[in-house]
Amino acid sequence: YTTATNIFFANTKGYTIGVTGSKGKSTPASLLYAILKESGRNVHLVGKIGNPMLTALGEERSSDTVYVIELSSYQLDDIEYSPKISLIVNLFPEHMDYHGGVEPYWKAKERIVAHATGDDYLVYNPVIPRLVHLAKTTKAKAVPFVTELPFDDTLISLLGRHNKDNVRAAVTAANILSVSPETITKAVAGFRALPHRLEYVGTYRSISFYDDAISTTPESAICAIEAFPSVGAILLGGKDRGYDFSRLGELIAKRRIPTVVLFPDSGESIYRAITNASYAPENLLRTDKMEEAVVFAYRHAPKDSVC
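Values in this document were obtained by computation on a predicted structure and should not be read as measured data. (Residues numbered from 1 in each chain as written. Predicted model: local features only at pLDDT ≥ 70, side-chain atom pairs only at ≥ 80, totals over all residues. Heavy atoms only, no water.)

Helix and strand content of the chain: 13 helices and 12 strands. A compact globule built from 307 residues should have a C-alpha radius of gyration of about 19 Å, and the chain, at 20 Å, falls within 12% of that. When its C-alpha atoms are laid out on the principal axes, the chain stretches across 60 × 45 × 35 Å. Counting over 307 residues, the chain shows a buried share of 51%. For the chain, the exposed area adds up to about 14,500 Å²; of that, 51% sits on carbon and sulfur atoms. Each charge class in the chain was averaged separately, 33 positive and 34 negative side chains, and the resulting centres sit 1 Å apart. (Helix = DSSP H or I, 4+ residues; strand = E, 2+ residues; numbered from the N terminus. Rg over C-alpha atoms; globule rule 2.2 N^0.38 Å. Buried < 20%, exposed > 50% of the residue type's maximum accessible area, 1.4 Å probe, protein only. Areas by Shrake-Rupley, 256 points an atom, 1.4 Å probe, with all protein chains shown as cover. Lys, Arg positive; Asp, Glu negative; His and termini not counted. Charge placed at Lys NZ, Arg CZ, Asp CG, Glu CD.)

Structure representation (structure tokens):
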């Protein structure tokens, strides 16, 4: 058997940049695409976001085509090729119900450089020990995220510390491809948050609503909370994948978020994590109806806070 991913890599003549990570792959992949497009490259965004790889392969007309490819652990689990540039944004437990544990999941992610050579690159987040170890063992040239950006942080419209890492990741890959600082700066200045990723919905009676529905792990929810000085309400829950919610519960307690709405199936596990942190939200709702959740959050969130 084979896969669409392997068929693509076996047959493309283009330059491939693979982007993976436990969360936040789409933002650096889309930003890198925007930077390369601004530079005048013949670039395509494919994989989990953008067009299907085989559609792009069928339309390939030139070897100067550059592909920015978002790759999931499912696609990497049996990949037989490595991109020219492999970019790993972050790494924490995810999709354990599919992979059967943390170790098989991490090994799937690391397979992005399993077939790399000395002519290839690994761009990695140097604050993650597992990625530092991978950087020391891979055959690819290992390049940590840049620490200095060619522009002031205030130019970045994306919220949260994690998005600063996403920008550094994209800029590091762009530097490898010799994109000018001026081009990078222009592309970053025009880039906006993707749908469902801390996406601003609107402000109503001094309560600002953000859609972060793509946060399907405790770690990404923590990043979202930390992006704001005052969170007045939060909606949590969804499919129970067996996560440890203790750090999320501790943060909700530490920040004393007054209004919490919990959905099945993981709502009860999150509730236990909050109570284990010795905190009881002033306003708590268990529901499976989004309209009821929004009305409750709107009614109880303090003015000048974020929901």
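Read on for the rest.
For the coordinates displayed, the defined rule picks out seven aromatic pairs. Here the aromatic cluster, defined as three or more aromatic residues joined through ring pairs, consists of Phe 8, Phe 9 and Tyr 67. The residue whose ring lies beneath Arg 286 is Tyr 271, and the NZ or CZ to ring-centre distance is 4.5 Å. (Phe/Tyr/Trp six-rings, centres within 6.5 Å; stacked < 30°, edge-to-face > 60°. Lys NZ or Arg CZ within 6 Å of the ring centre and 35° of its normal.)

A few words on the sheet that holds strand 10 (residues 259–263). Taking strand neighbours across the sheet as the criterion, the three strands line up as 9-10-11 in an open arrangement whose pairing is parallel. The open sheet has two edge strands, strand 9 (233–237) and strand 11 (283–286), and neither has a second partner. Neighbouring strand axes in the sheet, compared pairwise and without regard to direction, differ in orientation by 15° on average. One ladder, built from four bridges, connects strand 10 with strand 11; its direction is parallel. Note on strand 11: the bridge partner recorded for Thr 259 is Asn 283. (Pairing = 2+ DSSP bridges. Axes fitted to C-alpha atoms, helices over the stretch in contact; angles between N-to-C directions.)

Attention now moves to the pairing of strand 4 (residues 85–88). Here is the key point about a regular strand: its side chains alternate between the two faces of the sheet. Along strand 4, one buried face is formed by Ile 85 and Leu 87 and the opposite face, lined by Ser 86 and Ile 88, is buried too. Examined bridge by bridge, strand 1 (residues 15–20) and strand 4 share four bridges and lie parallel to one another. Bridge pairing links Gly 18 to Ser 86 in strand 4. By the bridge criterion, four bridges tie strand 4 to strand 5 (residues 121–124) in an arrangement that is parallel. Bridge pairing in strand 5 links Ile 88 to Tyr 124.

When you line up the elements, Thr 183 lands in helix 9 (residues 181–189). With a relative accessible area of 17%, Thr 183 lands in the buried category. Between the C-alpha atom of Thr 183 and that of Lys 37, which follows or precedes it by 146 residues, the distance is 9.6 Å. In contact with Thr 183, not counting residues within four places along its chain, are Ile 35, Glu 38 and Ser 39. (Contact = heavy atoms within 4.5 Å.)

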